[in-house]
Amino acid sequence: MEIRTRRRRPHIPEIRVGKKEEEEEQPLSPAARLFHAPEFNCNIISVVGLKSKIKPAVIIEGIKQTLIRHPRFSCKLLKVESGNNKRREQKWVQTKVVAEDHVVIPKIDMHNIGNANADAFLDSYVSNLTTIPLDTSKPLWEVHLLDLRTSDAENVAILKIHHSVGDGMSLMSLVLACTRKTSNPDELPSLPNQKSSLSGSRSYSRLLWLVMALWSVVMLVLNTVCDALEFIATAMFLKDTETPIKGNFRLSTSKRMCCVHRTVSFDDLKLIKNAMQMVTIFREFISGEPQFLP
């Protein structure tokens, strides 16, 4: 099994992101500094299956129109001197972004990979990505485009983003903002509004409303006190539950972990949603090619 990577570099001019010509520096937040610590250096890896062949030129153009306009996707991490004591601190610095440098197209030898082994190959590829650190000389994100037919998709795209760039919810919102409706390419996807089963506070007496408000305050205080006590107890003598994915900070090198994907039926998710009386946030995008539009 042979894997050789190459980066697609068509003759497209480089893009300067930002209104100012000079580089802008922004300090890292406490959470971002924590994610860059050697013990917590972690990335977010997302695998997206497509129903048709990937067109790299379309993906690259979509990245230029959407992702690299976001400040964190156009900043690299540098250590700069600050203050009179010449202390070096990590800061986000605006830089030139060449979308082709962040798109990886591996050359896969399909002679040794059959349809039955494609899923295992994908799991191994993603597992290997977890052991390769991102290049800090450029913004901390990559997009891998695999011309690989699996049991669930015709082709596969993998997004690798450092956790300091954003959390799961913010990245999901960003990816959602990069898509458009298949029925109208000029409109953003819409989410359903939650419909309250209550007609309003008018149907309840003021006394009942006051009791519910007081009960909410009591529960809020109680939960806060319990969480604080549990936090103190955990810091003093309690230990986390031993699980296969629990890290061991005493190890000098991190262990390689195997990523295995499983297919979950939307019918099962809908069953759980209805049982919990939740508002659905799922939208079935059945377009053959993802639409990245400004």
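Preceding this section is the structure that the text describes.
Residues numbered from 1 in each chain as written. Predicted model: local features only at pLDDT ≥ 70, side-chain atom pairs only at ≥ 80, totals over all residues. Heavy atoms only, no water.

(A) Main features of the overall build of the chain. Counting its secondary structure elements, the chain contains 6 helices and 10 strands. Burial status across the chain gives 28% buried among its 294 residues. Pairs at least 24 residues apart make up 74% of the contacts formed inside the chain by residues separated by at least 6 positions. Only carbon and sulfur atoms are counted for the fraction: they give 57% of the accessible area of the chain, which is about 20900 Å². (Helix = DSSP H or I, 4+ residues; strand = E, 2+ residues; numbered from the N terminus. Buried < 20%, exposed > 50% of the residue type's maximum accessible area, 1.4 Å probe, protein only. Contact = heavy atoms within 4.5 Å. Areas by Shrake-Rupley, 256 points an atom, 1.4 Å probe, with all protein chains shown as cover.)

(B) The nonpolar core, seen in detail. In terms of nonpolar packing, the biggest core is built from 29 residues, with Ile63, Phe73, Trp92, Trp141 and Leu145 touching the most fellow members. Broken down by secondary-structure element, the contributors of at least two residues to this core are helix H2 (56–65), strand E5 (75–82), strand E8 (103–108), strand E9 (141–146), strand E10 (155–162) and helix H4 (168–177). (Core = buried A, V, L, I, M, F, W, Y, C linked by side-chain atoms within 4.5 Å.)

(C) Summary view of the pattern of salt bridges. The final tally for this structure, using the stated rule, is 3 salt bridges. Residue lysine 64 pairs with glutamate 100 through a salt bridge whose shortest N-O separation is 3.1 Å. Of the two residues, lysine 64 sits in helix H2 while glutamate 100 sits in the loop between strand E7 (96–97) and E8, which places them 36 residues apart along the sequence. In this structure, the salt-bridge partner of glutamate 154 is arginine 149, at a minimum N-O distance of 3.5 Å. Among the residues examined, glutamate 154 registers a relative accessible area of 21% and is labelled partly exposed. For arginine 149, a relative accessible area of 53% puts it in the exposed group. (Salt bridge = Lys/Arg side-chain N within 4 Å of Asp/Glu carboxyl O.)

(D) Geometry of the environment of alanine 99. The topology assignment puts alanine 99 in the loop between E7 and E8. Given the relative accessible area of 2%, alanine 99 is considered buried. For the pair alanine 99 and lysine 64, spaced 35 residues apart in sequence, the C-alpha separation works out to 6.5 Å. If sequence neighbours within four positions are ignored, alanine 99 has contacts with Ile60, Ile63 and Lys64.

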